[in-house]
There are 4 protein chains.
Amino acid sequence: MFTYVVTLQCTDTAGIVRATSSAIFNLEGNILENDQFTDPVTGQFCMRTRFETPLDDVSTIRSRLDQDLAEFQPQLGVRLENERRRVLVMVSKVDHCLADLLYRLEQGDLPVVIAGVVANHPDLAPLCARYEVPFHLVPVSPATRDQAEETLRGLIEDLDVDFVVLARYMQILSAAFCAQFSGRIINIHHSFLPGFKGARAYHQAYERGVKLIGATAHFVTSDLDEGPIIEQDVVRVTHARQAQDLVALGRDIERSVLARAVHLVGEDRVALVGQRTVIFSQ
Amino acid sequence: MFTYVVTLQCTDTAGIVRATSSAIFNLEGNILENDQFTDPVTGQFCMRTRFETPLDDVSTIRSRLDQDLAEFQPQLGVRLENERRRVLVMVSKVDHCLADLLYRLEQGDLPVVIAGVVANHPDLAPLCARYEVPFHLVPVSPATRDQAEETLRGLIEDLDVDFVVLARYMQILSAAFCAQFSGRIINIHHSFLPGFKGARAYHQAYERGVKLIGATAHFVTSDLDEGPIIEQDVVRVTHARQAQDLVALGRDIERSVLARAVHLVGEDRVALVGQRTVIFSQ
Amino acid sequence: MFTYVVTLQCTDTAGIVRATSSAIFNLEGNILENDQFTDPVTGQFCMRTRFETPLDDVSTIRSRLDQDLAEFQPQLGVRLENERRRVLVMVSKVDHCLADLLYRLEQGDLPVVIAGVVANHPDLAPLCARYEVPFHLVPVSPATRDQAEETLRGLIEDLDVDFVVLARYMQILSAAFCAQFSGRIINIHHSFLPGFKGARAYHQAYERGVKLIGATAHFVTSDLDEGPIIEQDVVRVTHARQAQDLVALGRDIERSVLARAVHLVGEDRVALVGQRTVIFSQ
Amino acid sequence: MFTYVVTLQCTDTAGIVRATSSAIFNLEGNILENDQFTDPVTGQFCMRTRFETPLDDVSTIRSRLDQDLAEFQPQLGVRLENERRRVLVMVSKVDHCLADLLYRLEQGDLPVVIAGVVANHPDLAPLCARYEVPFHLVPVSPATRDQAEETLRGLIEDLDVDFVVLARYMQILSAAFCAQFSGRIINIHHSFLPGFKGARAYHQAYERGVKLIGATAHFVTSDLDEGPIIEQDVVRVTHARQAQDLVALGRDIERSVLARAVHLVGEDRVALVGQRTVIFSQ
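Residues numbered from 1 in each chain as written. Chains lettered and ligands numbered in written order. Predicted model: local features only at pLDDT ≥ 70, side-chain atom pairs only at ≥ 80, totals over all residues. Heavy atoms only, no water.

Caption draft 1: Summary view of helix α1 (residues 16-26) of chain C. Summarising burial for α1 of chain C: eight of the 11 residues are buried, a large majority. Within the sequence span of α1 of chain C, burial applies to Ile16, Val17, Ala19, Thr20, Ser21, Ser22, Ala23 and Ile24 of chain C. At its buried positions, α1 of chain C is contacted by β1 (2-11), β2 (30-38), β3 (44-53) and α2 (58-68) of chain C together with α1 (16-26) and β2 (30-38) of chain D. Just downstream of α1 of chain C lies glutamate 28 of chain C, where phi reads positive at about 60°. (Buried < 20%, exposed > 50% of the residue type's maximum accessible area, 1.4 Å probe, protein only. Helix = DSSP H or I, 4+ residues; strand = E, 2+ residues; numbered from the N terminus. Contact = heavy atoms within 4.5 Å.)

Caption draft 2: The arrangement of the interface of chain A and chain B in detail. Facing 16 residues of chain A, the contacting portion of chain B comprises 16 residues. Interface area for chain A against chain B, summed over the two sides, is near 1500 Å², with a carbon-plus-sulfur share of 51%. Viewed at the interface, chain B and chain A are joined by zero salt bridges. At the boundary of chain A with chain B, the tally comes to five residue pairs in polar contact (both at pLDDT 80 or more). Secondary structure elements with two or more residues in the side of chain A that touches chain B: α1 (16-26) and β2 (30-38) of chain A. Sort the elements by how many residues they give to the side of chain A that touches chain B and β2 of chain A lands first, with six residues. Residue classes in the side of chain A that touches chain B are distributed as five nonpolar, nine polar and two charged. (Buried area = accessible area lost by both parts, 1.4 Å probe. Salt bridge = Lys/Arg side-chain N within 4 Å of Asp/Glu carboxyl O. Polar contact = N/O pair within 3.5 Å; in protein donor to acceptor, adjacent residues only side chain to side chain. Nonpolar A, V, L, I, M, F, W, Y, C, P; charged D, E, K, R; others polar.)

Caption draft 3: Region of the structure containing the interface of chain A and chain C. Listed as interface residues are 37 residues of chain A and, on the opposing side, 37 residues of chain C. Our count for the contact surface shared by chain A and chain C stands at six salt bridges. Note that glutamate 231 of chain C and arginine 236 of chain A form a salt bridge whose closest N and O atoms lie 3.1 Å from each other. Applying the counting criterion to the chain A and chain C interface returns 16 residue pairs in polar contact (both at pLDDT 80 or more). Elements that contribute at least two residues to the side of chain A that touches chain C include exactly α7 (201-208), β11 (229-236) and β13 (276-279) of chain A. Here the element with the most residues in the side of chain A that touches chain C is β11 of chain A; it accounts for seven residues.

Caption draft 4: Molecular detail of the environment of arginine 153 of chain B. Residues and elements named next belong to chain B. Checked against the element boundaries, arginine 153 lands in helix α5 (residues 145-158). On the accessibility criterion, arginine 153 (22% relative accessible area) is partly exposed. Between the C-alpha atoms of arginine 153 and phenylalanine 181, which are 28 residues apart in sequence, the distance is 9.7 Å. Look past the residues within four positions of arginine 153 in its chain and what remains in contact with it is Ala176, Phe177, Gln180 and Phe181.

Caption draft 5: Local environment of the relation of the copies chain A and chain B. Mapping chain A onto chain B calls for a screw motion: a turn of 180° about the axis and a shift of 0.0 Å along it, with 0.0 Å RMSD after fitting. Overall, the copies show the geometry of a two-fold rotation axis. Within chain A, arginine 18 of chain A has its C-alpha nearest the rotation axis, a separation of 2.8 Å. In this assembly, 100% of the residues forming the interface of chain A have copies in chain B that are likewise at the interface, indicating an isologous arrangement. (Least-squares fit on C-alpha atoms with pLDDT ≥ 70 in both.)

Caption draft 6: Expanded view of the pairing of strand β12 (residues 270-273) of chain D. Residue and element names in this part refer to chain D. When β12 meets strand β13 (residues 276-279), the two strands line up antiparallel, connected through four bridges. Counted as the bridge partner of valine 273 is arginine 276 from β13. Counting the residues that bridge the hairpin from β12 to β13 gives two residues, and of these glycine 274 lies at a positive phi of roughly 60°. (Pairing = 2+ DSSP bridges.)

Caption draft 7: Quick look at the pattern of salt bridges. Under the definition given, this model contains 88 salt bridges over all chains. Between glutamate 267 of chain D and arginine 269 of chain D there is a salt bridge; the shortest N-O distance is 2.7 Å. Residue class for glutamate 267 of chain D comes out buried when judged on its relative accessible area of 17%. One connected set of salt bridges, linked through shared partners, spans Glu33, Arg48, Arg50, Glu81, Glu267 and Arg269 of chain A.

Caption draft 8: The sheet that holds strand β9 (residues 185-189) of chain C, seen in detail. Residues and elements named next belong to chain C. Sheet architecture is open: seven strands sit in the order β7-β6-β5-β8-β9-β10-β11, paired in mixed fashion. With partners counted over all chains shown, the strands left at the sheet margins are β7 (135-137) and β11 (229-236), one partner each. Each adjacent strand pair in this sheet contributes to an overall mean axis angle of 20°, direction not counted. Relative to strand β5 (residues 85-91), helix α5 (residues 145-158) is tilted by about 155°, and along the sheet it contacts β5, β6 (112-119), β7 and β8 (163-166). (Axes fitted to C-alpha atoms, helices over the stretch in contact; angles between N-to-C directions.)

Caption draft 9: Seen up close, unusual backbone geometry. Residues and elements named next belong to chain C. Its identity as a non-glycine residue notwithstanding, aspartate 160 has a phi of 55°, on the positive side. The topology assignment puts aspartate 160 in the loop between α5 and β8. Despite not being glycine, arginine 168 has its phi angle at roughly 70°, a positive value.

Caption draft 10: Seen up close, the domain arrangement of chain A. Residues and elements named next belong to chain A. The assigned domain composition of chain A is domain 1 (2-80) and domain 2 (85-279). The gap between the C-alpha centroids of domain 1 and domain 2 is 30 Å. Every contact between the two is made by 11 residues of domain 1 and, on the other side, 10 residues of domain 2. Taking both partners together, domain 1 and domain 2 bury about 810 Å²; carbon and sulfur atoms supply 50% of that area. The largest per-residue losses of area from domain 1 upon contact with domain 2 belong to Gln9, Arg48 and Arg79, which jointly make up 51% of the total buried on that side. (Domains from an automatic or database assignment.)

Caption draft 11: Seen up close, the side chain of aspartate 109 of chain A. Looking at the element boundaries, aspartate 109 of chain A is found in the loop between α3 (96-107) and β6 (112-119). Judged by relative accessible area, aspartate 109 of chain A falls into the buried class, the value being 17%. Engagement of the side chain of aspartate 109 of chain A in a polar contact is seen with the side chain of arginine 251 of chain D, the distance being 2.6 Å. If near-sequence neighbours (up to four positions away) are discounted, aspartate 109 of chain A is found in contact with Arg104 and His263 of chain A together with Ala248 and Arg251 of chain D.

Caption draft 12: The arrangement of the sheet that holds β6 of chain A in detail. Residue and element names in this part refer to chain A. Pairing is mixed across the open sheet formed by seven strands, whose spatial order is β7-β6-β5-β8-β9-β10-β11. Two strands close off the open sheet at either side, each with one partner strand: β7 (135-137) and β11. Between one strand axis and the next, the sheet turns through 20° on average, direction left out of account. Each of β5 (85-91), β6, β8 (163-166) and β9 (185-189) touches α3; the most contacted strand, β6, lies at about 155° to it.

The following block contains the structure:
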């Protein structure tokens, strides 16, 4: 038996669930997991279904679903579960998020393939070597950003990348690049957004005297720190913690929030509805 | 339009989702919320569906679903959403759980009807009077337990009670009573089960020097403190807290865990699969 | 034996701890609890000490400490532990925070005295009557604010109030009033500050699609929503929760955060250092 | 200036704080951090003080404190803060706890020295090599346990080890060994003790249907899984998680709980009072 993950999004109408379940039944499929949500504000219907079937051809599955559900004009995603999403990780110099992703991957806890790592500094090449992940040095300066992004586009194409993870990548991507890969770039922000935007978030948090600090994984849009939130978490801090302590505590929460976001997106559990995400968590 | 909540449980087979969604479609229904889960260990399929339809008769809905899904031999639950589950709350002398349920009900945060309160002591009658909830004094002694349970059965019948909530009720119900109302009695246990069973859980927790204390809401079975868990939560404690402090902190966590469990069961979000619960949370 | 709580704040110098512990020793005191913190940024030293002694006169204790510690020019607080802090609670129409404070007080979980409740609407008078707490209706309009604050000042004086709690009081106090009672007014803000300032915080949170919502208890300054934070907490929410659900979930977190803040301030566990608080928690 | 960490434990009497602060004053010390706790049940007084002084000789400090505090017959610990505690980590085959400790050490987040790693299997030698930490293979069988423990004793002696960390070490140490190093061996247990003792804790947790799983770091005593608890934490799980998922989720919580415990013990923040720990956390 083969297991497929199907995602579907369209305007809500009566009959979608029936049509989808009939289509899967006609594919000799047995549904293992099914999640759906209708957003009451936008009227968008989102669905994620995992089913098994003796059919082993993803293109057949896709074309049959396309045909059977045509009247709903859905955005449709079909993936053989064993064909894991391919991720390009982008970093600068700090390693805690990348090290954690590599570690979890090695443990078998992260259901994706890291197709490569792109960095604008050479510092993390040895870490990638340690885990035998291809490392691509793509330096960026204001003058060379367009060219660097061209290189990125080439890598995304060549490595057949499904989505990009900014694992503390300290460069700003152009609005055009963000728009082109809308919903396909995840960033980890070192604060409980919308709390402290911009740089030195932990120093701002210290100054403000907050009692919890947090991290936010979100999709990247051209509007910096404003993209749809995927996952957030917090950790309690006391007055005795100074700004540098918050940075250290923050590393822990950043890496676990990012790992959870990559896990969710890697399993197609995240749908985008306007500026909000729908999370079909386990 | 009328909104219905349907729950369904049966052995998993291909076609159930299709059959259910077709049946709802035939009832002119539009699905608003749909959750399902197949337990891989037992092969049990559980589903909860909320849909709206112009049909206003719950018995029609039920008989049509019974008919259309007969081949799956499901346990089927059908409820008009506006007809709230009716709850009988049982208490002894301590009031924090009852006071919280009444408070949340008044706030409109608890989607049930409290059909009555039963107590084996008169202490909480004034609290019930304050909220205009009928109070039934049913004293219990070893000699009169059978008779007291007979009175309870009568109240459950007369008040048309869907489920019973033991809100720190300090008497043990007979095995026969537990069996008769299996899956319909919720208890709040003053510990993070299976941590500290039996009485004086907070004193045990203090002795053991735990760093977190918790509470557990579970269905009652004849096997004391062993029924299926609905909800649990914990709160951090330090060495500076003595046993009586833990009791006070525990009150807070008990009342919120119990309220969440009542909320979940009241909205038909809890399915029972063997000794485990499936929670279709929001 | 009599138990006293002493708080002390001054510029850090070698010898303060020795001088304080000697002073307490000379008062025949035995220290039960002692917390101290030196803020590395401001150089401020804060201390809270609880000790027991056979001496039963708070003014003797105070004058002896004043004398023995004069060289450090400390801000000194001395309280007989049994003489609980007196609180004035201010409300408008919503009752969840006030109801929770009254409930906890009745349970013996809140170590303060509620000297009275002030409201700018009559709605919560019956709740206060239920708990036999004096209710003072002080209506406010732009034209009468000065007069209303004059009434407030009178109540604070007459009722011998230690601190004021804004339990969802929907009026803005004047800068002069905030300055006069600096460090003596606690507010509960319905968001995880600095996340969503101003009104309709939960609606903002919904729009932004956050995955956690929170509440913040802080001291009031003339700079709205910017005063020193005392306590914060969060609760997880999903995409399925709409703005009105967040309001309901928020009530729960608001009331518990506020209760914890009142508890901390009531036990003299909160010191103010610049715009940050030092919390000597248990 | 030199910074020292002093820990002190004795029977509570009036005057200890005064005597200690005087002794430190006489050492030209300025107290940076001071925590103390008197256990009301046992009457034990515990203290941890961090102070700076121009004196650079730890043995002078110690002998002066010994002399000045002799009347209290305290257990006294004195450490130059820069001389970090030396840790011996023991492992078997699973690497997540060790990998995390090494990673945090490299990040500068773990204030100890890992003097060496002992394993009863060779599997984790490459991981140690990667971080340039000495790896000692000490195989154990029922027949050779005594000899293996003799080797361990030798390593503890030779490497000047302060405490031992069992980072998922799957062998049971002898009662004699546990007694000899009482309060100096930390274990991470894969459950929220006292919830699921013994092996296959996550499978037990799955069977029981718990809604939170946890991990516990505790001191090792000859009474398996019963030693004093240092730190615990939990993570929420749903019905959709099977036993193997709980194992994976558990890895995350185990490694962070263990790291926090090592951090606390490494900074002398943990005192033992009977079967309970006093934690002087930041």
